[in-house]
Amino acid sequence: MDNSRKKYYLTTPIYYANSRPHVGSAYTTIVCDVIARYKRMCGFDVAYLTGTDEHGVNIERAAEKLGISPADLVNRNQQIFRDLWRLLGISYTDFVRTTEPRHAVAVQNLVRRTQRVSPDAIFKRKYEGRYCVYDNLYVSDTPEPADCQICGRPAELISEENYFFRLSAYQEKLLQLYKDQPDFVQPDFRLNEVKSFVESGLKDLSISRKTIKWGIPWPGDPEHVFYVWYDALTSYMSGIGFVDGETNSKKDSERFKKFWPADVHMIGKEIIRFHAVYWPAFLMAAFPDKKLSEYMPGRIQAHGWLLFEQEKMSKSKGNVAYAEPIVKALGNDALRYYLLREVVFGQDGNFSKDALITRYNADLANGLGNLASRVLAMVQQSLDGVVPVLDSVPDPALMGFGDEVSTSPVLVRAKYEKYDFAGALSDIWNLVARVDLFLAERRPWVQPNNESEKKSRGVILYNALQALYLITPMAHPVIPDATQKIWEQLGQPGTLADVRIDQLQWGGLKPGTRIGKPEGVFPRADKKEILERIETMENEIRNPGSTQPIAPSADSAPTAPIIPAVTGAAAAPATPAKISIEDFAKVELRAGVVKSAERIQGADKLLKLLVDIGDEVRQVLAGIALSYAPEDLVGRKVVIVTNLAPRKMRGLESNGMLLAASVGPDGKPVLCTFAEDVPAGAKVK
Ligand code: MSP
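Just so we're clear, the structure is a prediction, and the values are computed from it rather than from any experiment.

Rules and cut-offs
Residues numbered from 1 in each chain as written. Predicted model: local features only at pLDDT ≥ 70, side-chain atom pairs only at ≥ 80, totals over all residues. Heavy atoms only, no water. Buried < 20%, exposed > 50% of the residue type's maximum accessible area, 1.4 Å probe, protein only. Helix = DSSP H or I, 4+ residues; strand = E, 2+ residues; numbered from the N terminus. Pairing = 2+ DSSP bridges. Near = heavy atom within 4 Å. Polar contact = N/O pair within 3.5 Å; in protein donor to acceptor, adjacent residues only side chain to side chain. Areas by Shrake-Rupley, 256 points an atom, 1.4 Å probe, with all protein chains shown as cover. Phe/Tyr/Trp six-rings, centres within 6.5 Å; stacked < 30°, edge-to-face > 60°. Core = buried A, V, L, I, M, F, W, Y, C linked by side-chain atoms within 4.5 Å. Domains from an automatic or database assignment. Contact = heavy atoms within 4.5 Å. Salt bridge = Lys/Arg side-chain N within 4 Å of Asp/Glu carboxyl O. Axes fitted to C-alpha atoms, helices over the stretch in contact; angles between N-to-C directions.

Engineer: Help me out: how do you make sense of the pairing of strand S19 (residues 603–612) in this one?
Structural biologist: One face of the sheet, then the other: side chains in a regular strand alternate in exactly this way. Summarising burial for S19: eight of the 10 residues are buried, a large majority. Between strand S18 (residues 589–600) and S19, which pair antiparallel in sequence order, lie two residues; one of them, Gly 602, sits at a positive phi of approximately 85 degrees. Two strands pair when backbone bridges link them, and S19 and strand S20 (residues 617–622) are joined in this way by six bridges, in the antiparallel orientation. Of the residues in S20, the one forming a bridge with Leu 610 is Gln 619.

As structure tokens, this is what we get:
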């Protein structure tokens, strides 16, 4: 670990793993990635934590609906998050899952520590009130019906004994914190909201649940599991090594010591109360003996929502756009650039694919991409691919650029520092436009008539190259892929991530440098065609299997029938090889009872069945929809292969295979069954 550099620790919220991420969740992660990359380019040693929030009733129920275990559901979904972050070039350094044992130990230890050092902070009492299972919010402390303040859905009644956190005792301390750290909540208007909430009086908060199982057990009282927000917030500590005690590895505790407390928790505005009120109070109770600067996060930074037709983009409203299709159609930089340029950070912003493609063409393809390829091609053709060596370094102001060139790195940095991403990008693209204009005025493409005109062309291109040399690193935090390519085409070694954005200077591109091969970085996009491609891919995500032909991917499945070997859909060899009884014994067959059956949207042949196999209920996808109506199958006895490796089809997991005879020329499946009564789970051999 490099301890010589200043540290910077930032976090995204950890995302609920009950469904896949959409552009809204990608927004927070991209914003944090831009900050992380920017800070690294300022010389900071950055820890960037993201992760998945995997406990709670919502997850428990989502899994139940799918007929799989909560563990299977979160395993699957956390991978989708990781895959998307890779696709988006997210440079996170740490990923935390709340189902990891290291996290559970940290949560239990934080509460143990609190009970030890602040004995009054936690107590047990009966709770009766309304709870939103989607936002995990205690909506009201009375049993009367109430709607969730975040999502608007009706909250559920809870009546049980819980562990409580004495939040009411922290009112004054919190108000003092907001005074001592005036930037603690940003933007300022959010701080005012938080202050009024705290000033209006704080109620004690239930931090355990008794009637749910899918959570971290309370230490010494395992009938209770932790309230998901106590659990989730602690991931900001466990994710960088907090265990608190004897079980810390040396590496973990050094990492925690170096990076904690966080410099910024980046969040969406709807979860500000959890971060700006509950979290600091939990920390105050756990570390009453420490100085604020030793344990309190530097800042809670709330951003606005991405809206789709004026409403918050969210899966429950069905108005989501997904990031993967956009990245596959236009590249990673396109989405990143659009989100940071178009949304004024801190405020809500509208999301539109149409506007995204317009921005892409105007600013990336026709803007930076076109400028870079024109300048580099001219240098290649007229200057033998070498940055000209001039008698003296020309002053950009004298060359007609004006001050904007030399001062822009300072101005742009100031905007990044303030999280004014749209402003920083606007300054950078003003510079792109300025260089375009400069070239249009100076026309370096005109063949020189004499030595002096030749020299002058060298000077013009030198200036354009120097401008590109400044623009590229400045834009790098937002559009990392294309800028790295342009950097290499400028003949620069290594990665842009290692370039110090705070040391950029006009003239930094050394005369005599041989440039690389010029290649376009942003091909122009045909709006109609790109929109169609994006929509086709989105439909495939919404209704796996709905589009033809289906490109096989981790998430979609081939259209092949589901029980190939038995229905005969796969041709059997002419003379099947003999197998031994041991070979046959490897196949585990059991009697099962169909509990439910339903069609799968967009897949004509498939049915999704839940089959009771005695000690568990399995989800099985079977290619029998053309032969059986789902309602006729419920209660039916079947034979199921139970030890086949799970397989994903149309985005759903199939955990077993039904045996069926294959009848007639079409191989119509006829399910194997029993003439006599057999219990579910009976072995078939
Ligand atoms: N699991 C909690 C957070 C626990 S942090 C200790 C949670 N998860 S979430 O998946 O519902 O939302 C996480 C974050 O996703 C939001 O705070 C926000 O940053 C981001 N967004 C989700 N939908 C969004 C939009 N439509 N627009 C912008 N950001 C959005 O809350």
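Engineer: Where do I start with the site of the ligand in this structure?
Structural biologist: Around the ligand, 23 residues are found, and the nearest of them are Ile 14, Thr 28, Asp 53, Leu 306 and Met 313. A distance of 3.2 Å is found between a nitrogen atom of the ligand and a backbone nitrogen or oxygen belonging to Gly 24. At 3.3 Å from an oxygen atom of the ligand is found a side-chain nitrogen or oxygen belonging to His 303. Taking 660 Å² as the accessible area of the ligand by itself, protein coverage stands at 93%. Looking at the shell around the ligand, the elements that each hand over two or more residues are strand S2 (15–16), helix H1 (23–41), helix H7 (228–233) and strand S13 (264–268).

Engineer: What is the right way to read the sheet that holds strand S12 (residues 221–226) from this model?
Structural biologist: The antiparallel open sheet is built from three strands, whose spatial order is S10-S12-S11. Edge positions in the sheet fall to strand S10 (208–209) and strand S11 (217–218), since each has one partner strand and no second. Pairing geometry for S10 and S12, over two bridges, is antiparallel. Each bridged residue has a counterpart across the sheet, and for Ser 208 the counterpart in S12 is Phe 226.

Engineer: Looking at this structure, how should I read the packing of aromatic side chains?
Structural biologist: A ring pair, where both rings are aromatic, is described by two values, the distance of the centres and the angle of the planes. This model, assessed by the stated rule, comprises 36 aromatic pairs. Between Tyr 38 and Tyr 416, the ring centres sit 4.9 Å apart and the planes meet at 25 degrees, which makes this aromatic pair stacked. In this pair, Tyr 38 sits in helix H1 while Tyr 416 sits in helix H15 (residues 404–417), placing the two residues 378 residues apart along the sequence. Each member of the pair, Tyr 38 as well as Tyr 416, is classed as buried. On the basis of an interplanar angle of 85 degrees and a centroid distance of 5.0 Å, the ring pair of Phe 165 and Phe 282 is categorised as edge-to-face. Remark: Phe 282 occurs in helix H10 (residues 272–286) and Phe 165 occurs in strand S7 (residues 156–165); sequence separation between them is 117 residues. Each member of the pair, Phe 165 as well as Phe 282, carries the same accessibility label: buried. Cluster of aromatic residues (ring-pair linked, three or more members): Tyr 163, Phe 165, Tyr 170, Trp 218, Phe 226, Trp 229, Tyr 230, Phe 274, Tyr 278 and Phe 282.

Engineer: In this structure, what is going on with the nonpolar core? I would like to understand it.
Structural biologist: Side chains of a nonpolar character, in soluble globular proteins, are inclined to be buried together. Grouped together as the largest cluster of nonpolar side chains are 106 residues, with contacts concentrated most on Leu 335, Phe 351, Tyr 416 and Trp 429. Inspection of this core shows a minimum of three residues originating in each of domain 1 (7–303) and domain 2 (323–503). Residue contacts for Leu 335: discarding those within four places in its chain leaves Ile 30, Leu 88, Ala 323, Ile 326, Val 327, Phe 351 and Leu 356. Formed by 79 residues, the second largest nonpolar core is a distinct cluster that contains Leu 110, Tyr 178, Ala 262 and Ala 302.

Engineer: Please explain the pattern of salt bridges as it appears in this structure.
Structural biologist: Under the criterion given, the structure shown has 36 salt bridges. The partner of Lys 124 in a salt bridge is Asp 221, with the nearest N and O atoms 2.9 Å apart. Pair noted here: Lys 124 is in strand S5 (residues 122–132) and Asp 221 is in strand S12, with a separation of 97 residues, a long-range link. Exposure remark for Lys 124: the relative accessible area of 38% places this residue in the partly exposed category. The exposure class assigned to Asp 221 is buried, which follows from its relative accessible area of 14%. In this structure, Glu 538 engages Arg 542 in a salt bridge whose closest nitrogen and oxygen atoms are separated by 4.0 Å. Of the two residues, Glu 538 and Arg 542 are both situated in helix H19 (residues 527–542); the distance of four residues between them amounts to about one turn of the helix. Through salt bridges with shared partners, a single network forms among Arg 341, Glu 342, Arg 359 and Asp 363.

Engineer: When you look at the sheet that holds strand S9 (residues 205–206) in this model, what are you seeing that I'm missing?
Structural biologist: Pairing within the open sheet is antiparallel, and its four strands lie in the order S6-S5-S7-S9. Edge positions in the sheet fall to strand S6 (137–140) and S9, since each of these pairs with one other strand and no more. Together, S6, S7 and S9 form the strand contacts of H10, whose direction differs from that of S7 by roughly 35 degrees.

Engineer: I keep staring at unusual backbone geometry and nothing clicks. Help me out?
Structural biologist: Negative phi characterises most residues that are not glycine, and trans characterises most peptide bonds. Look at the link from Gln 186 to Pro 187: it is a cis peptide, with omega at -5 degrees. Among the structural elements, Pro 187 can be located in the loop between strand S8 (185–186) and helix H6 (188–199). Between Trp 260 and the following residue, Pro 261, the backbone shows a cis peptide bond with an omega angle of 0 degrees. Even without a glycine there, the phi angle at Asp 384 is positive, about 55 degrees. For Asp 384, the location among the structural elements is in the loop between helix H14 (353–382) and H15. Notably, Tyr 419 is not glycine yet its phi reads approximately 60 degrees, a positive angle. Here Tyr 419 is to be found in the loop between H15 and helix H16 (421–442).

Note that every value here comes from positions in space, so none of it alone points to a role or purpose.
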